[in-house]
Amino acid sequence: METTIEEEEMCAKMLYQGTANFTLIPKSQNALVDHQGNKKAVVETIQYTYPLKLLVPKFGSTNNCVWVYIISFGGGLVEGDKLQCNVEIGAECASVITTQSSTKVFICPNGLITEQCLVARVRSGALLAILPDPVVCFKNAAYKQSQVIHLSKDSSLILLDWCSSGRMANGEIWDFTSFKSSNSVFIDNKLVFKDCLLLDATKIVTTKEALRQYNILATCVIIGTSTIEQCQHLLHVFGKRQALGEKLDENVLLAISELEYILGNEKIPGVVIKLATTNTLQAVEQVGKILQHFYDRLGGNPFEGKY
């Protein structure tokens with residue numbers, strides 16, 4: 001049975017404690033376009049309520065791409081938090097949604113789930129890059145997040161969704177109660193991609209036992225007509241077969257799959273990449289290799305100097 005838009009956005013109808021709204025539009029009908037194809041844009045709407053805050057630095061990027069930082073007061077999310085962020089990117093604009101540091105999910109001693117939902121609409125010719133730092137769930141934390149992205153057939157998306165095993169320095173390795181993350185992408189109101197990660201201990205095997213030495217899990221989704229060259233490059237680099245006799249690095253697992261959709265007579269390119277590493281630095285290095293050819297259009301690397 002096909003999933004409807006209403007079902008995908010059902011989380012938006014819940015009673016959220018904190019909300020944030022961000023709308024980006026072209027500065028004018030004839031706004032200047034930079035060398036990367038981004039129109040000069042202005043923030044039309046920026047609203048937020050506790051414990052969320054949105055920060056839009058004036059010189060966040062080196063071009064017309066607008067960077068937005070999602071910040072939570074107190075340095076993390078506490079038990080029972082229910083947060084929602086609504087984003088709209090205007091035609092031919094570009095924006096990066098990121099964070100200042102990892103999203104920390106604190107302990108949930110009463111069994112309540114901490115929830116976060118993002119709904120984004122990306123208009124014709126626009127680009128949205130959702131590039132947060134990894135989620136870090138503390139011991140006994142319970143976390144659920146949902147991201148629903150609506151694209152036009154000629155807009156583009158870069159989405160990075162990743163999490164760590166916890167506070168590794170404190171010996172907390174996959175000791176949280178549960179973690180669930182789902183990503184849904186629509187193009188012209190048609191669901192073209194859906195992915196869900198559920199980490200939950202069972203009676204047969206614990207999360208720690210199942211994931212062995214791996215401490216970082218990541219999913220990167222890239223879709224859109226403006227990403228065709230980068231997608232082809234990624235498929236060439238990461239999709240090639242291992243050479244005979246080449247030693248496999250068991251500390252870094254990476255798999256890539258091509259995503260192709262036909263809307264009308266037009267082919268929409270894309271890739272999805274799955275990554276598992278034993279530590280954060282390995283994951284950051286691989287993410288850098290995946291995204292390096294996008295940084296010019298994004299006006300910089302949001303992870304530079306952090307790790």
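Residues numbered from 1 in each chain as written. Predicted model: local features only at pLDDT ≥ 70, side-chain atom pairs only at ≥ 80, totals over all residues. Heavy atoms only, no water.

## What to know about the sheet that holds strand β2 (residues 41-48)
By way of backbone hydrogen bonds, the strands of a sheet pair with one another, either parallel or antiparallel. To be explicit about the condition: When DSSP finds at least two bridges between two strands, those strands are taken to pair. Secondary structure elements are defined from DSSP: runs of H or I of at least 4 residues count as helices, runs of E of at least 2 residues count as strands, and each element is numbered from the N terminus. Lines fitted to C-alpha atoms define the axes, with helix axes restricted to the stretch in contact, and inter-axis angles between N-to-C directions lie between 0 and 180 degrees.
The seven strands lie next to each other as β2-β1-β5-β8-β11-β13-β14, forming an open sheet whose pairing is mixed. Edge positions in the sheet fall to β2 and β14 (190-200), since each has one partner strand and no second. When strand polarity is set aside, the average angle formed by the axes of neighbouring strands in this sheet is 10°. Pairing analysis gives seven bridges linking strand β1 (residues 18-26) to β2, with the strands arranged antiparallel. Counterpart to L24 in the pairing with β2 is V43.

## Quick notes on the packing of aromatic side chains
Note the threshold: Any pair of Phe, Tyr and Trp rings, taking the six-membered ring for Trp, is counted once the centres come within 6.5 Å. Such a pair is stacked with planes under 30 degrees apart, edge-to-face with planes over 60 apart, and tilted for the rest. Relative accessible area decides the class of each residue, using a 1.4 Å probe on protein chains only: under 20% of the type maximum gives buried, over 50% gives exposed, and in between gives partly exposed. Only Lys NZ and Arg CZ are tested; either one counts as a charge over a ring when it is within 6 Å of the ring centre and within 35 degrees of the ring normal.
Counted by the stated rule, this structure contains six aromatic pairs. An angle of 35° between the planes, with centres 5.8 Å apart, marks the rings of Y143 and F179 as tilted. Of this pair, Y143 sits in strand β11 (residues 142-151) while F179 sits in strand β13 (residues 178-187), placing them 36 residues apart in sequence. Each member of the pair, Y143 as well as F179, is classed as buried. Ring geometry for F176 and F179: centres 6.3 Å apart, planes at 50°, overall tilted. A single burial state applies to F176 and to F179, both of which are buried. Ring pairing ties together the aromatic residues Y143, W174, F176 and F179, which thus form one cluster. The ring of F138 is capped by R167, whose NZ or CZ atom sits 3.9 Å from the centre of that ring.

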